[in-house]
2 protein chains.
Amino acid sequence: MSQPTPERFFNAINAYQQTEAMKTAIELEVFTAIGEGNTTSAAIGKRCKAAERGVRILCDYLTIHGFLAKAGKQYSLAPDAALFLNKHSPAYIGGATEFLLTARLREGNARLTDAVRKGGTAIGKGTLEPENPDWVKFAEAMMPVMKMPSEIMAAELRKGGESHKVLDIAAGHGIFGISVAKQNPKAHIYAADWKNVLAVAQKNAQAMGVGDRHHLIPGSAFDTDFGAGYDLALVTNFLHHFDPPT
Amino acid sequence: MSQPTPERFFNAINAYQQTEAMKTAIELEVFTAIGEGNTTSAAIGKRCKAAERGVRILCDYLTIHGFLAKAGKQYSLAPDAALFLNKHSPAYIGGATEFLLTARLREGNARLTDAVRKGGTAIGKGTLEPENPDWVKFAEAMMPVMKMPSEIMAAELRKGGESHKVLDIAAGHGIFGISVAKQNPKAHIYAADWKNVLAVAQKNAQAMGVGDRHHLIPGSAFDTDFGAGYDLALVTNFLHHFDPPT
């Protein structure tokens, strides 16, 4: 048993600085800049339109936290950052910050003391309002994050036989249904979500060449008649919002 | 070499939630409540005037992050939390959140992208303004954190001989000079800091019985004449604000 130490407490209190540093690095495209061969703080600063001093301090911080490596004055990308945080990588997921750090989510967390007192969110209805625009951000930001997992899922599902009529509940970006449609030319997808969110799914379906087999069921998942006769129902973006008893 | 994973990225993006959870737990006195023997979420909620559901979710989160342990429905304090986060412990440092999470520090971090672009803080003069009230908060919040270290420091300093005239630059809470005075009845302390901050140091010196040997030198550390003839100069709260070249 090691000695008690206040380190863990101070780490928690200062943990928000990791969030701010990562958000800034994504916004300024620091990882992308380094991936393009800008390896000194001066070169990164020029590429990112930021001060050399600011970039150096930020990159040193990111080095301490394992996202970069530093040798002499040269920064390089750690493997995680090279694969996921460089915009030129097909596995880029930096855009997820736009959903995960929306003002409303931050505000809800900033009022956590009120929320714990009350036993629920302190900011009105939280994320449950009809056509809450945060779910449009979700749909836009998380599609690239879920593209590869959705393709793996669709390939696994094919092993169970070909589905012709597929319900995609809380479709969001629609990528799970779209991936099923891409791998199965006979599948028709019926995507259910708020109307404003489905606009994103529809755009994605059209861009990926399955728009004619991608149908929309707008409305609340709790009130909508989804129809019948489905071979498969996807609930990928949905069940984790609820307690096990629900 | 392990496979690249987005885990570190998502941990950084969500790290601010650790900060909010710890701030809330301190504000609601969750650790103190558990230390007093309230071990279920219902009992903690009653003691902390918070909803049982909110307390349960918060305590589960704190358990995951190692500040609590949970057995059945009973929470208990991890050793770090028992020593440092229970208000009944003489080593309690939870009050440090009041300085480390002042609105101005949070705002400076929230505008980190602007700060990196500019190469300096995006919120005016930052923490360098004369009589900035954040340093009063520092003095009030950090004294309990530094009390034990200052006593160890004072004992070490005595080994080098007894000092009679001691300069305490950027005294803040004053605890470093005060600890020297307590261990050395002949020492007179001259504490330099902003006038509003010195009021805190003076109060502490009086409370600890060395007020008559604790003298004040108000003003900026860069412009003030500290006088001469000192046997010892303390710069405990000061040098770490500067680059090595400075």
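Below is a summary of the structure that appears in this document. (Residues numbered from 1 in each chain as written. Chains lettered and ligands numbered in written order. Predicted model: local features only at pLDDT ≥ 70, side-chain atom pairs only at ≥ 80, totals over all residues. Heavy atoms only, no water.)

1. A look at the overall build of chain A
- Counting its secondary structure elements, chain A contains twelve helices and six strands.
- A principal-axis box enclosing the C-alpha atoms of chain A has dimensions of 65 × 50 × 40 Å.
- The proportion of buried residues among the 246 residues of chain A is 47%.
- As displayed, chain A offers around 12100 Å² of accessible surface, 56% of which is attributable to carbon and sulfur atoms.
- Taken as two groups, the 26 positive and 25 negative side-chain charges of chain A have centres that lie 6 Å from each other. (Helix = DSSP H or I, 4+ residues; strand = E, 2+ residues; numbered from the N terminus. Buried < 20%, exposed > 50% of the residue type's maximum accessible area, 1.4 Å probe, protein only. Areas by Shrake-Rupley, 256 points an atom, 1.4 Å probe, with all protein chains shown as cover. Lys, Arg positive; Asp, Glu negative; His and termini not counted. Charge placed at Lys NZ, Arg CZ, Asp CG, Glu CD.)

2. Some points on the packing of aromatic side chains
- Considering all chains together, one arrives at ten aromatic pairs over all chains under this definition.
- Relative to Trp-135 of chain B, the ring of Phe-99 of chain B has its centre 5.7 Å away and its plane inclined at 40°; by these criteria the two rings are tilted. In this pair, Phe-99 of chain B sits in helix H7 (residues 97–100) while Trp-135 of chain B sits in helix H10 (residues 134–158), placing the two residues 36 residues apart along the sequence.
- The class of Trp-135 of chain B is buried, set by a relative accessible area of 16%.
- Their ring planes at 70° and their centres at 5.0 Å tell us that Phe-99 of chain B and Phe-138 of chain B sit as a pair that is edge-to-face. Of the two residues, Phe-99 of chain B sits in helix H7 while Phe-138 of chain B sits in helix H10, which places them 39 residues apart along the sequence. Both residues of the pair, Phe-99 of chain B and Phe-138 of chain B, count as buried.
- One aromatic cluster in this structure is built from Phe-99, Trp-135 and Phe-138 of chain A.
- Over the face of the ring belonging to Tyr-190 of chain B we find Lys-165 of chain B, whose NZ or CZ atom lies 5.4 Å from the ring centre.
- Taking the ring centre of Tyr-230 of chain B as reference, the NZ or CZ of Lys-165 of chain B above it sits at 4.8 Å. (Phe/Tyr/Trp six-rings, centres within 6.5 Å; stacked < 30°, edge-to-face > 60°. Lys NZ or Arg CZ within 6 Å of the ring centre and 35° of its normal.)

3. Regarding the nonpolar core
- Ranked by internal contacts, the top residues of the largest apolar core, which has 96 residues, are Phe-31 of chain A together with Phe-31 of chain B.
- With sequence-adjacent residues up to four places away left out, Phe-31 of chain B is seen in contact with Met-22, Ala-25, Ile-26, Leu-62, Phe-67, Leu-68, Leu-77, Ala-81, Leu-85 and Asn-86 of chain B. (Core = buried A, V, L, I, M, F, W, Y, C linked by side-chain atoms within 4.5 Å. Contact = heavy atoms within 4.5 Å.)

4. Observations regarding the interface of chain B and chain A
- Across the contact, 56 residues belong to chain B and 56 residues belong to chain A.
- Here chain B meets chain A over a buried area of about 4700 Å², counting both sides, of which 67% is carbon and sulfur.
- If you sort the residues of chain B by the area they bury against chain A, Phe-9, Tyr-16 and Val-116 of chain B come out on top, with a joint share of 14%.
- Our count for the chain B to chain A interface comes out at two salt bridges.
- Its salt-bridge partner being Asp-80 of chain B, residue Arg-8 of chain A comes within 3.4 Å of it at the nearest N-O pair.
- At the junction of chain B with chain A, the criterion picks out 24 residue pairs in polar contact (both at pLDDT 80 or more).
- For the side of chain B that touches chain A, the secondary structure elements donating two or more residues are helix H1 (7–14), helix H2 (16–28), helix H5 (52–64), helix H6 (79–84), H7, helix H8 (103–110) and helix H9 (112–118) of chain B. (Buried area = accessible area lost by both parts, 1.4 Å probe. Salt bridge = Lys/Arg side-chain N within 4 Å of Asp/Glu carboxyl O. Polar contact = N/O pair within 3.5 Å; in protein donor to acceptor, adjacent residues only side chain to side chain.)

5. Focus: the relation of the copies chain B and chain A
- When chain B is fitted to chain A, the residual RMSD is 0.1 Å, and the transformation amounts to a turn of 180° plus an axial shift of 0.0 Å. Such values leave the two copies arranged in the relation of a two-fold axis. When C-alpha positions in chain B are compared against the rotation axis, the closest is assigned to Tyr-16 of chain B, at 1.8 Å.
- In this assembly the copies share their binding face: 100% of the residues contributing to the interface of chain B also contribute to that of chain A. (Least-squares fit on C-alpha atoms with pLDDT ≥ 70 in both.)

6. Points about the pairing of strand S2 (residues 74–77) of chain B
Residues and elements named next belong to chain B.
- Burial along S2 is one-sided: the face carrying Tyr-75 and Leu-77 is buried and the face carrying Gln-74 and Ser-76 is not.
- As paired elements, strand S1 (residues 68–71) and S2 share four bridges and run antiparallel to each other. Looking across to S2, one finds that Ala-71 is bridged to Gln-74. (Pairing = 2+ DSSP bridges.)

7. A closer look at the state of the cysteines
Residue and element names in this part refer to chain A.
- Summed over all chains, the structure comprises zero disulfides over all chains.
- For Cys-48, which is in no disulfide, the shortest distance to another cysteine sulfur is to Cys-59 and amounts to 7.9 Å.
- Cys-48 sits in the buried class, given a relative accessible area of 7%. (Disulfide = S-S within 2.5 Å.)

8. Concerning the environment of Ala-12 of chain A
- One can find Ala-12 of chain A in helix H1 (residues 7–14).
- Once the C-alpha coordinates of Ala-12 of chain A and Leu-216 of chain A are considered, the two residues, 204 residues apart in sequence, prove to be 44 Å apart.
- Setting aside anything within four residues of it in sequence, one finds Ala-12 of chain A in contact with Gln-18, Thr-19, Met-22 and Phe-67 of chain B.

9. Observations concerning the environment of Thr-24 of chain A
- Relative to the helices and strands, Thr-24 of chain A resides in helix H2 (residues 16–28).
- For Thr-24 of chain A, a relative accessible area of 2% gives the class buried.
- Separated by 34 residues in the primary sequence, Thr-24 of chain A and Leu-58 of chain A have C-alpha atoms spaced 8.6 Å apart.
- Each residue touching Thr-24 of chain A, except ones within four places of it in the same chain, is listed here: Leu-58 of chain A together with Leu-112, Thr-113 and Val-116 of chain B.

10. Notes on the packing of H10 of chain B against helix H11 (residues 175–183) of chain B
Residue and element names in this part refer to chain B.
- Direction vectors running N to C along H10 and H11 enclose 45°, while the axes themselves pass 8 Å from each other. When the axis of H10 is compared with that of H11, the two are oblique. For H10 against H11, the interelement crossing comes out right-handed. Packed against H10, whose contacting residues are Met-143, Met-146, Lys-147, Ser-150, Glu-151, Met-153, Ala-154, Ala-155, Leu-157 and Arg-158, the element H11 presents Ile-175, Phe-176, Ser-179, Val-180, Lys-182 and Gln-183 at the interface.
- Residues that form the contact of H10 with H11 fall into these classes: nine nonpolar, three polar and four charged. (Axes fitted to C-alpha atoms, helices over the stretch in contact; angles between N-to-C directions. Parallel < 35°, antiparallel > 145°, perpendicular 65-115°, else oblique. Left-handed = near helix turned anticlockwise from the far one by under 90°. Nonpolar A, V, L, I, M, F, W, Y, C, P; charged D, E, K, R; others polar.)

From the geometry alone we can't say anything about function, so treat these as descriptive.
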